[in-house]
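Listed here are the chains, written in short residue letters.
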Amino acid sequence: MRIGHGYDAHRFASGRPLVLGGVTIPHGEGLAAHSDGDVVVHALCDALLGAAALGDIGKLFPDSSEEYRNIDSRILLREVVERLTDAALRVSSVDISMVAQRPRLASHIADMVEILSSDLELASDRLNVKATTTEGMGFTGRGEGIAVHAVVLLEE
Ligand code: MG
C-alpha cells in the first residue's frame, strides 16, 4: 500500500464559474486559476501523485503552458490515473475534505462522488467527499477562497 496527501487552495474571483469535483456550482464567483480552478481535483491529483512518488500537479502540467489555460481539471485527473496505471498502481481509497465558508456544498457532494469515482475507475463506496467551514476563522472563514485536503491509498 502507498499513502498520499494533497492540499490546494484558490482564491475567489469574479467572472468565472465555480467548479468543484467536476460539478459546476451556482455561485456569484468562481476560483482564480490558470485551469478551471477545480481545487478539489487539484488536491486529489497531488495526493495521487504523492502516493506514487511522481511529483506534483504543477510539475506535470505547468501553469506557464498555454495548453492548460482554462483546461477542465478532470482531463488532468484522468491523465494522472493513466500515469498510475503505467506504474502498476491502483487507487484503493480516497478521502477528501473541502474547507469553505460559502457556498454550502453538502447538496453537491453526491454528484462529486459520482464524477470523481468514474474518472478514477473506483467504486463509489471507496471515495468520500466531505465539507466543513472554519466557523469564520482564517482565509476560508472570511470567504476569500476555498481549500481542500485529500488523502489516498494506492495498491501496488
Ligand atoms: Mg490548484
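Keep in mind it's a predicted model, so treat the numbers as computed, not measured. (Residues numbered from 1 in each chain as written. Predicted model: local features only at pLDDT ≥ 70, side-chain atom pairs only at ≥ 80, totals over all residues. Heavy atoms only, no water.)

A.B. asks: Please give an account of the sheet that holds strand β5 (residues 90-99) that cites residues and values.
C.D. replies: With mixed pairing, 5 strands are arranged side by side in an open sheet as β4-β1-β7-β5-β6. In this open sheet, the two strands that pair with only one neighbour each are β4 (29-31) and β6 (127-132). Each strand of the sheet is rotated relative to its neighbour by a mean of 20°, with strand direction disregarded. Of the pairings in the sheet, the one linking β5 to strand β7 (residues 145-155) comprises 9 bridges and is antiparallel in character. Bridge pairing in β7 links S93 to L153. Sheet contacts for helix α4 (residues 109-120): β5 and β6; angle to β6, the most-contacted strand, approximately 145°. (Pairing = 2+ DSSP bridges. Helix = DSSP H or I, 4+ residues; strand = E, 2+ residues; numbered from the N terminus. Axes fitted to C-alpha atoms, helices over the stretch in contact; angles between N-to-C directions. Contact = heavy atoms within 4.5 Å.)

A.B. asks: Let's hear about the pattern of salt bridges: which residues, and what values?
C.D. replies: A complete count under the given rule lists 9 salt bridges for this structure. As a salt-bridge pair, K130 and D95 come within 2.7 Å of each other at their nearest N and O atoms. Linking K130 in strand β6 with D95 in strand β5, this pair joins segments that are 35 residues apart in sequence. Assessed through its relative accessible area of 33%, K130 is described here as partly exposed. It is possible to trace a salt-bridge network through shared partners that takes in R74, R78 and D119. (Salt bridge = Lys/Arg side-chain N within 4 Å of Asp/Glu carboxyl O. Buried < 20%, exposed > 50% of the residue type's maximum accessible area, 1.4 Å probe, protein only.)

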